[in-house]
Amino acid sequence: MLLQMVSMDLNSASTVVLQVLTQATSQDTALLKPAEEQLKQWETQPGFYSVLLNIFTNHDLDVNVRWLAVLYFKNGIDRYWRRVAPHALSEEEKSTLRAGLITNFNEPINQIATQIAVLIAKVARLDCPRQWPELIPILIESVKVQDDLRQHRALLTFYHVTKTLASKRLAADRKLFSDLASGIYNFACSLWNHHTDTFLHHVSSGNEAAALNSLERTLLSLKVLRKLTVNGFVEPHRNMEVMGFLHGIFDRLKQFLECSRNVDTDTVFRDKLEKTIILFTKVLLDFLDQHPFSFTPLIQRSLEFSVSYVFTEVGEGVTFERFIVQCMNLIKMIVKNYAYKPSKNFEDSSPETLEAHKIKMAFFTYPTLTEICRRLVSHYFLLTEEELTMWEEDPEGFTVEETGGDSWKYSLRPCTEVLFIDIFHEYNQTLTPVLLEMMQRLQGPTNVEDMNALLIKDAVYNAVGLAAFELFDSVDFDQWFKNQLLPELQVTHNRYKPLRRRVIWLIGQWVSVKFKSDLRPMLYEAICNLLQDQDLVVRIETATTLKLTVDDFEFRTDQFLPYLETMFTLLFQLLQQVTECDTKMHVLHVLSCVIERVNMQIRPYVGCLVQYLPLLWKQSEEHNMLRCAILTTLIHLVQGLGADSKNLYPFLLPVIQLSTDVSQPPHVYLLEDGLELWLVTLENSPCITPELLRIFQNMPPLLEQSSENLRTCFKIINGYIFLSSTEFLQTYAAGLCQSFCELLSDITTEGQVQVLKRYPVVMSTYLGVMGRVLLQNTSFFSSLLTVMAHKCNQEMDQLLGNMIEMWVDRMDNITQPERRKLSALALLSLLPSDNSVIQDKFCGIINIAVEGLHDVMTEDPETGTHKDCMLMSHLEEPKATEDEEPPTEQDKRKKMLALKDPVHSVSLQQFTYEKLKAQQELLGEQGFQSLMETVDTEIVTQLQEFLQGF
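Residues numbered from 1 in each chain as written. Predicted model: local features only at pLDDT ≥ 70, side-chain atom pairs only at ≥ 80, totals over all residues. Heavy atoms only, no water.

K.L.:
For the overall build of the protein chain, give the residues involved together with the corresponding values.
P.N.:
Each helix and strand counted, the protein chain has 45 helices and two strands in total. At 38 Å, the protein chain has a C-alpha radius of gyration far larger than the 30 Å of a compact globule built from 950 residues. Projected onto the principal axes, the alpha-carbon positions of the protein chain cover approximately 120 × 90 × 70 Å. Counting across all 950 residues of the protein chain, residues that qualify as buried make up 50%. For the protein chain, the share of sequence-separated contacts (at least 6 apart) that also reach a separation of at least 24 residues comes to 74%. Carbon and sulfur atoms make up 51% of the accessible area of the protein chain, which totals about 46,100 Å². Each charge class in the protein chain can be summarised by its mean position, and for the 85 positive and 121 negative side chains these summaries are 5 Å apart. (Helix = DSSP H or I, 4+ residues; strand = E, 2+ residues; numbered from the N terminus. Rg over C-alpha atoms; globule rule 2.2 N^0.38 Å. Buried < 20%, exposed > 50% of the residue type's maximum accessible area, 1.4 Å probe, protein only. Contact = heavy atoms within 4.5 Å. Areas by Shrake-Rupley, 256 points an atom, 1.4 Å probe, with all protein chains shown as cover. Lys, Arg positive; Asp, Glu negative; His and termini not counted. Charge placed at Lys NZ, Arg CZ, Asp CG, Glu CD.)

In structure tokens:
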């Protein structure tokens with residue numbers, strides 16, 4: 001039944017739609033599925049959205065039905081509101097809907113009220129202000145009413161509309177929002193001040209319920225102001241109201257922080273209060289980010305406020321973690337802001353930059369910087385009771401928490417560390433002596449009974465590790481390592497474990513900065529001991545330092561090999577012991593790194609890992625990122641095992657099959673690593689197997705899918721051709737040719753332009769292909785000429801002549817010596833010939849041959865004779881140096897193929913002589929002389945010099 005909305009009155013239509021919506025909220029699929037199908041059909045019916053509006057604004061109906069009506073209405077805006085959309089709503093219906101949406105702000109259910117506010121904002125994004133000029137005035141009037149519910153809902157809508165309009169980025173839209181902001185900013189400020197004062201009054205009178213009510217409105221009006229302030233003005237510093245509001249934030253913040261002093265924790269009121277406090281800081285951070293020069297007048301006040309609350313007693317009893325993080329981010333953004341950093345030549349800096357820099361320098365005096373540095377280290381760097389408890393109860397969770405990625409923006413510990421790094425980098429000359437003095441106080445062992453002293457030392461070592469690059473010239477790390485750090489690693493007392501973990505972390509930070517190569521065996525010894533530590537956190541941290549050490553530029557395999565077996569065994573035991581997905585990934589990355597660096601030397605020790613990985617793969621079915629780590633490990637494992645990797649095929653090939661099958665959902669995560677594994681498997685395979693050949697069935701969809709991994713796909717195809725050209729091409733050549741033709745036909749105009757920009761390279765490639773065909777498959781070349789002549793409607797000889805002429809003309813496009821020699825061999829292979837076209841192009845062929853001889857002929861210093869430098873023999877097996885990767889099976893196959901390649905097996909000198917002699921015998925002496933007279937005399941002279949001795 002197709003509902004004709006327009007032909008029915010609204011109430012009748014509402015009854016019908018209401019019944020279907022009710023069925024669509026049912027848990028019974030027999031009712032649910034037909035109802036959803038019916039609603040989908042009605043989506044494009046005129047009048048459907050008027051019916052939905054009638055339903056979701058009826059507060060007597062079931063909440064779930066109203067909720068569903070709102071969602072369908074919201075989705076309809078996205079699909080059918082634009083005038084150009086298929087089945088777009090009529091202008092008449094849209095006008096009625098707009099009016100109906102803002103008639104009453106009295107929705108009693110919070111969740112539905114929010115959805116209505118969002119959908120009004122969606123319409124506003126498309127229609128405001130041109131088609132909906134009355135929206136903003138109605139919202140402003142509605143937020144002034146005394147009715148609590150109506151006022152709140154209007155304010156909620158006001159916020160979502162402002163947020164949506166502020167997000168538009170086209171110049172015309174930004175101009176409209178700027179005009180709107182200028183028009184309503186004064187009112188928005190008054191509204192916010194009113195609700196803020198009301199809230200503070202209720203707090204001082206002890207009326208928490210009324211205070212919470214006002215706080216909700218304070219928060220919403222501040223959200224509106226945030227969008228207007230940050231996005232509504234091109235030069236906000238020129239607007240007194242904007243700057244007045246921003247300057248006033250600091251006093252308001254102090255008032256709200258004082259309110260929090262006596263508020264119970266874990267209450268709705270405290271949660272809302274903290275959200276409002278954080279929103280104040282977001283206004284400042286956003287404004288600084290978008291308008292750094294307009295923020296200049298606020299730099300001094302922001303720094304004074306943040307430093308006093310975070311680094312002095314002022315903040316005691318009122319600050320909370322998220323607020324401290326925001327204040328630290330504010331300090332960090334001011335310190336690091338490029339707009340505030342003068343050029344090396346001060347005269348090249350703008351006055352605005354110099355003004356901001358001057359304010360910064362005046363604030364960050366020696367006493368201030370010293371206090372910040374000391375407080376960061378001695379207060380914020382200290383491990384807390386909660387962290388120590390987590391260390392004991394959930395060691396893996398502790399290590400993951402410690403190494404979070406972008407968590408510095410939100411979490412206290414990483415935030416303090418990033419701030420320390422930035423301030424130390426900016427003011428290192430001032431702070432280096434401060435940190436060195438803190439180090440000096442901590443020389444020698446620490447009493448294991450003094451937990452506070454242990455934690456202080458942990459904090460200072462943390463600072464020294466974070467500032468490693470800045471301290472390069474100030475710390476004799478090698479001596480410190482031998483005399484202080486190494487002995488501390490040998491203290492096995494349980495209470496010393498924070499220091500064991502910190503010291504090994506610290507060494508990891510310094511390894512790539514300043515660490516004498518001769519000391520590495522001592523470090524490897526220490527790592528072996530720590531990988532057997534009783535504490536799991538210490539072992540995980542040690543694994544991290546091991547990775548940094550073997551990853552380092554100065555890593556030497558010979559120093560590492562005596563410790564390889566022990567380390568690999570202990571790392572494998574650690575991999576088995578940890579249970580968290582993130583920790584397993586981390587340990588796998590360490591193992592991968594070790595395997596990669598020692599390469600084939602890993603072979604005796606990987607048996608246990610090879611047996612364990614299939615189990616881990618099965619267990620990680622729901623964890624695609626862990627599976628990516630397993631793929632990376634397998635890549636390095638295959639490279640290390642070389643031809644022996646064939647023993648892994650029962651596990652390896654199904655893994656490649658799954659990872660590269662675009663019909664399987666996991667391929668989204670696994671494809672890139674899966675292709676890399678497929679490639680190295682082929683490169684190291686000693687021979688083709690039916691299973692390895694069968695996996696290529698995954699390739700055609702990959703070639704169709706996108707160009708993202710195309711280069712790797714082509715390398716895989718090459719890998720199969722090198723491995724088993726006959727078997728592979730018999731099975732897949734036809735499909736491959738079709739895929740390649742489709743790829744070429746899919747090249748966009750932009751792609752064609754890019755190809756033409758590389759014309760010499762492309763032409764060189766084309767001529768290389770033709771040279772191969774002509775030289776190594778003459779019968780196919782003849783067939784190809786016949787087909788092309790028919791297609792081009794030319795005589796075969798005419799086409800051949802044009803091709804030789806073009807080849808001679810484009811020879812300068814070929815820069816690779818191998819391809820130049822190939823061209824010479826290919827064109828010479830047309831001789832001997834009595835074909836008049838070939839004889840007509842004889843001069844060009846000889847020119848190319850002589851050019852080729854110039855390229856390849858070198859003098860043998862021992863005999864004084866000339867020889868073709870591109871000839872290769874089995875005896876020329878270069879020895880790989882220690883730093884070079886050993887040759888893969890594919891490298892060996894390439895070498896064998898190269899030995900058969902005419903470019904490397906045929907002497908161009910001898911080939912030229914033989915072809916000319918055959919041409920002479922074919923034509924006779926007189927005929928041959930006539931042919932030679934077509935060649936430039938200088939070229940003939942050079943040719944004779946090259947052919948002396950034949």
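Following the structure, the description resumes.
K.L.:
Could you give an account of the environment of Met872, naming the residues involved and the relevant values?
P.N.:
With respect to the secondary-structure elements, Met872 resides in the loop between strand S2 (866-868) and helix H42 (889-900). If we ignore the near neighbours within four places in the chain, the residues touching Met872 are Lys895, Ala898, Leu899 and His904.

K.L.:
Go over the layout of surface pockets, please, and point to the residues and values.
P.N.:
Regions of empty space are outlined by a rolling probe, equal in size to a water molecule, passed over the atoms. A volume near 3,300 Å³ is recorded for the largest pocket. Along the walls of the largest pocket sit 49 residues, with Asn718, Phe740, Thr765, Val769 and Arg819 positioned nearest its centre. Elements supplying a minimum of two residues to the lining of the largest pocket: helix H34 (710-745), helix H35 (749-757), helix H36 (759-776), helix H37 (778-792), helix H39 (817-828), H42 and helix H43 (902-905). Residue composition of the lining of the largest pocket, by class: 28 nonpolar, 11 polar and 10 charged. (1 Å grid on protein atoms, 1.4 Å probe; cavity = no way out; pocket = protein on both sides within 12 Å on 5 of 7 lines; lining within 4 Å. Points joined across faces, edges and corners; volume = space filled by probe spheres on them. Nonpolar A, V, L, I, M, F, W, Y, C, P; charged D, E, K, R; others polar.)

K.L.:
Would you mind going over the packing of aromatic side chains in detail, with residue names and values included?
P.N.:
If you walk through the whole model with that rule in mind, you get 40 aromatic pairs. Between Tyr49 and Phe73 the ring centres are 5.9 Å apart and the planes differ by 85°, which places this aromatic pair in the edge-to-face class. One end of the pair, Tyr49, is in helix H3 (residues 48-56); the other, Phe73, is in helix H4 (residues 63-80), with 24 residues separating them in the sequence. When sorted by exposure, Tyr49 lands in the same class as Phe73, which is buried. Both rings, one in Phe381 and one in Phe420, keep their centres 5.5 Å apart while their planes meet at 65°; by these two values the pair is edge-to-face. In this pair, Phe381 sits in the loop between helix H16 (366-380) and helix H17 (385-393) while Phe420 sits in helix H19 (residues 412-426), placing the two residues 39 residues apart along the sequence. The rings of Trp42, Phe48, Tyr49, Phe56, Phe73 and Tyr80 are connected pair by pair, giving a single aromatic cluster. For Arg252, the ring lying beneath its charged end belongs to Trp192, and the centroid distance is 5.6 Å. Just above the ring of Phe472 sits the side chain of Lys514; from NZ or CZ to the centre is 5.0 Å. (Phe/Tyr/Trp six-rings, centres within 6.5 Å; stacked < 30°, edge-to-face > 60°. Lys NZ or Arg CZ within 6 Å of the ring centre and 35° of its normal.)

K.L.:
Please give an account of the packing of helix H26 (residues 557-577) against helix H27 (residues 581-598) that cites residues and values.
P.N.:
Two numbers describe how H26 lies on H27: the axes approach to 10 Å, and their chain directions differ by 155°. For the element pair H26 / H27, the angle class is roughly antiparallel. In the crossing of H26 with H27, the sense of the turn from one axis to the other is left-handed. For the pair H26 and H27, the contacting residues are Thr557, Phe560, Leu564, Phe568, Leu571, Phe572, Leu574, Leu575 and Gln576 in the first and Lys584, Val587, Leu588, Val590, Leu591, Val594, Ile595, Arg597 and Val598 in the second. (Axes fitted to C-alpha atoms, helices over the stretch in contact; angles between N-to-C directions. Parallel < 35°, antiparallel > 145°, perpendicular 65-115°, else oblique. Left-handed = near helix turned anticlockwise from the far one by under 90°.)

K.L.:
An account of the environment of Leu253 is requested, with residue identities and associated values reported.
P.N.:
For Leu253, the location among the structural elements is in helix H11 (residues 240-259). The spatial distance from the C-alpha of Leu253 to the C-alpha of Glu371 is 23 Å, given a sequence separation of 118 residues. Residue contacts for Leu253: discarding those within four places in its chain leaves Ile277, Phe280, Phe305 and Phe323.

K.L.:
An account of the pattern of salt bridges is requested, with residue identities and associated values reported.
P.N.:
One pass over the structure, following the stated rule, counts 41 salt bridges. Two residues, Asp286 and Arg226, come together in a salt bridge whose shortest N-O distance is 2.7 Å. In this pair, Asp286 is assigned in helix H12 (residues 268-290) and Arg226 in helix H10 (residues 208-231), connecting sequence segments 60 residues apart. With a relative accessible area of 25%, Asp286 lands in the partly exposed category. By relative accessible area, which is 18% here, Arg226 ends up buried. A salt bridge links Glu387 to Arg413; the shortest N-O distance between them is 2.7 Å. Within this pair, whereas Glu387 is found in helix H17, its partner Arg413 is found in helix H19, the two being separated by 26 residues in sequence. Each of Lys341, Lys360 and Glu426 takes part in a single network of salt bridges with overlapping partners. (Salt bridge = Lys/Arg side-chain N within 4 Å of Asp/Glu carboxyl O.)

K.L.:
Just give me the short version of the packing of helix H9 (residues 171-204) against H11, but keep the residues and values in it.
P.N.:
Following both chains from N to C, one finds H9 and H11 inclined at 15°, their axes separated by 12 Å at the closest point. The angle between H9 and H11 places the two elements in the roughly parallel class. Crossing geometry of H9 relative to H11 is assigned as left-handed. Between H9 and H11, the residues in contact are Tyr185, Asn186, Cys189, Trp192, Asn193, Thr196, Asp197, Phe199, Leu200 and Val203 and Glu241, Val242, Phe245, Arg252, Gln255, Phe256 and Cys259, respectively.

K.L.:
Residues and numbers for helix H24 (residues 520-530), please.
P.N.:
The set of residues buried in H24 consists of Arg520, Leu523, Tyr524, Ala526, Ile527, Cys528 and Leu530. Looking at the packing, one finds that the buried side of H24 touches helix H22 (477-489), helix H23 (497-511), helix H25 (536-551) and H26.

K.L.:
Outline the environment of Asp834, listing residues and values.
P.N.:
Relative to the elements of secondary structure, Asp834 occurs in the loop between H39 and helix H40 (836-840). With residues up to four places along the chain from it excluded, the contact list for Asp834 reads Gln839 and Leu922.

K.L.:
Quick one: what's the story with the side chain of Thr633, residue by residue and with numbers?
P.N.:
Within the secondary structure, Thr633 sits in helix H29 (residues 624-641). Here the side chain of Thr633 touches Ser592 through a polar contact of 2.8 Å, side chain to side chain. Thr633 has contacts with Leu588, Ser592, Ile595, Leu609 and Leu613, leaving out every residue within four places of it along the chain. (Polar contact = N/O pair within 3.5 Å; in protein donor to acceptor, adjacent residues only side chain to side chain.)

K.L.:
Give me unusual backbone geometry: which residues, what numbers.
P.N.:
In this model, Cys128 is joined to Pro129 through a cis peptide bond whose omega is 5°. Looking along the chain, the bond that leaves Leu831 and enters Pro832 is cis, with omega of -5°. Phi angles above zero are rare outside glycine, and His87 is one such case at about 60°. Position of His87 among the secondary structure elements: in the loop between H4 and helix H5 (91-101).

K.L.:
Quick one: what's the story with the state of the cysteines, residue by residue and with numbers?
P.N.:
As enumerated under the stated definition, the model contains zero disulfides in all. The cysteine Cys581 is free of any disulfide, with Cys628 supplying the nearest cysteine sulfur at 10 Å. Here Cys581 falls in the buried class, since its relative accessible area comes to 19%. The thiol of Cys792 is unpaired, and the distance to the nearest cysteine sulfur, on Cys741, comes to 16 Å. (Disulfide = S-S within 2.5 Å.)

K.L.:
Break down the nonpolar core for me, with residues and values.
P.N.:
Of all hydrophobic cores here, the largest spans 263 residues; its most connected members are Phe420, Trp678 and Tyr720. Ranked by residues supplied to this core, first place goes to H9 with 12 residues. Sequence-distant contacts of Phe420, that is, excluding residues within four places in its chain, are made with Cys373, Leu376, Val377, Phe381, Leu435, Ala463, Leu466 and Ala467. One finds Met803, Ala826, Leu853 and Leu943 within the second-largest nonpolar core, a separate group that totals 47 residues. (Core = buried A, V, L, I, M, F, W, Y, C linked by side-chain atoms within 4.5 Å.)

K.L.:
Explain a nonpolar patch on the surface residue by residue, including any values.
P.N.:
A cluster of nonpolar residues, Met625, Val668 and Tyr669, forms a patch on the protein surface that exposes about 340 Å² of accessible area. Following the sequence through the fold, Met625 ends up in helix H29. (Patch = residues over 30% accessible without salt bridge, like charges linked within 9 Å, V, L, I, M, F, W, Y side chains within 5 Å.)

K.L.:
Describe a negative patch on the surface, and please don't skip the residues or the numbers.
P.N.:
Residues Glu393, Asp394, Glu580 and Asp582 make up a contiguous surface patch of negative charge. Counting through the fold element by element, Asp394 comes out in the loop between H17 and helix H18 (395-402).

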